[in-house]
Amino acid sequence: MQRVGRAVVRLGSRRTGGERTLSSGQKTPLFDFHQSHGGKMVAFAGWCLPVQYRDSHVESHLHTRQRCSLFDVSHMLQTKILGRDRVKLMESLVVGDIAELKQNQGMLSLFTNEEGGIIDDLIVTNTSDNHLYVVSNAGCCEKDMTLMQNKVKELKSAGCDVDLEMIENALVALQGAVTSGCPSPCLKKNVAMGYVDGDHSKPGTPLQVEVRKKKQAAIVSKMPFVPTRYYTLK
C-alpha cells in the first residue's frame, strides 16, 4: 500500500463480526510500547494515542523528513470489500481508477458525496487475496461505514455480487511527513492545501485565509512545498 510519503503495513489481524465500538479510551496493541517510551497519550476519536514522545515536535518532524518514522495507526477504520463486483462498488464511491490497480498496489483516494464533495480520504489496495483493502480515518468511521454499507445494499438489490467485512488490524504507517497540522519546521512557515476558484489558482496569487476565525495572508504555491524523496513501488 502506498500514500504520498506514507506506506501502511498490516501487522496482524483481529477480525470482528460486530459493530466497532468507539468508546473513550480504546487502546491499540502498541499502547504499552508508547507508554514505556515516554509517549504523551491523548484522546483522539475514542482512542488513546501518543501525540508526542520525549523529543520535541520540531525534532520529531525533522527526523521524519530527513529519515522516516513509524506511526501507530491501528485506530483507523479498516474494511475488506469482497465479491466479483467489489471494483464497481469502490469506483462508485471514490475518485480513482481502482480497476487499473495491480495486485497488492494501493492508491490514495477520496470518498465523495453525490455532488462530488469530499467526505473523507482513504487508501484502497487491490490485494492478491481477491478483495479490496480500505483504510480510512477513525474520526469519520461512522459516516464512512454508512456510505459503504448503503452502497452494498443498493448494489445487492440490483443483483451484484459484493459484500464488506470490517476488520481490526494492528497497523503502522512508515512515513516521510509531507504535510502536517503544524507549521513546517523545514520551511519555517505555515503550509496548507485547499480549494480556491480557478481565477485565483495561479502560483504567486495573494490570498486571505481564515484560521481560527482570524484572517491570514497567504500565497498560492506549486506543490510539493518540499522536494520529495519517497520510494514508489513499480
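Computed from a predicted model, the values in this text were never measured in an experiment.

The rules we used
Residues numbered from 1 in each chain as written. Predicted model: local features only at pLDDT ≥ 70, side-chain atom pairs only at ≥ 80, totals over all residues. Heavy atoms only, no water. Helix = DSSP H or I, 4+ residues; strand = E, 2+ residues; numbered from the N terminus. Buried < 20%, exposed > 50% of the residue type's maximum accessible area, 1.4 Å probe, protein only. Arc of directions from axis to C-beta. Contact = heavy atoms within 4.5 Å. pLDDT = per-residue confidence, 0-100. Pairing = 2+ DSSP bridges. Core = buried A, V, L, I, M, F, W, Y, C linked by side-chain atoms within 4.5 Å.

Some remarks on the environment of tryptophan 47
Okay, so step 1: Tracing the backbone shows tryptophan 47 in strand β4 (residues 47-52).
Okay, so step 2: For tryptophan 47, a relative accessible area of 5% puts it in the buried group.
Okay, so step 3: In this structure, the C-alpha to C-alpha distance between tryptophan 47 and alanine 138, residues 91 residues apart in sequence, is 9.1 Å.

Overview of helix α2 (residues 57-66)
Okay, so step 1: Looking only at α2, the buried set comprises His61, Thr64 and Arg65. Summarising the axial view, the buried residues of α2 lie within an arc of 95°, below the 170-degree limit, and thus occupy one face.
Okay, so step 2: Taken together, the buried residues of α2 touch β5 (69-72) and β10 (163-175).

Points about the confidence of the model for the chain
Okay, so step 1: Per-residue pLDDT for the chain averages 84, and the proportion of residues at 70 or more is 85%.
Okay, so step 2: For residues 13-23, every residue scores under 50 in pLDDT, and the model assigns this stretch 31 contacts once sequence neighbours within four places are set aside.

Regarding the pairing of strand β6 (residues 77-82)
Okay, so step 1: Across the 6 residues that make up β6, a large majority, 5, are buried.
Okay, so step 2: Bridging between β6 and strand β9 (residues 132-136) involves 5 bridges; their strand directions are antiparallel. Within the sheet, the bridge partner assigned to isoleucine 81 lies in β9 and is leucine 132.
Okay, so step 3: Across 5 bridges, β6 lies against β10 in antiparallel orientation. Note that in β10 the partner of leucine 82 across the bridge is aspartate 163.

Section: the sheet that holds strand β3 (residues 40-44)
Okay, so step 1: Read from one edge to the other, the open sheet built from 3 strands follows the order β2-β4-β3, with strand pairing classed as mixed. Either end of the sheet is taken by a strand with one partner, and the two such strands are β2 (26-27) and β3.
Okay, so step 2: One ladder, built from 2 bridges, connects β2 with β4; its direction is parallel. In the strand pairing of β4, lysine 27 is matched with cysteine 48.

Some points on the nonpolar core
Okay, so step 1: Residues Ile81, Met90, Phe111 and Met148 are the most contacted members of the largest nonpolar core, which totals 24 residues.
Okay, so step 2: The element contributing the most residues to this core is helix α4 (residues 141-157), with 6 residues.
Okay, so step 3: When near neighbours in sequence (up to four residues on either side) are disregarded, methionine 148 contacts Leu77, Thr79, Ile81, Leu89, Leu93, Phe111 and Leu164.
Okay, so step 4: Among the nonpolar cores identified, the runner-up in size contains 7 residues, and Val73, Tyr133, Val135 and Ile167 belong to it.

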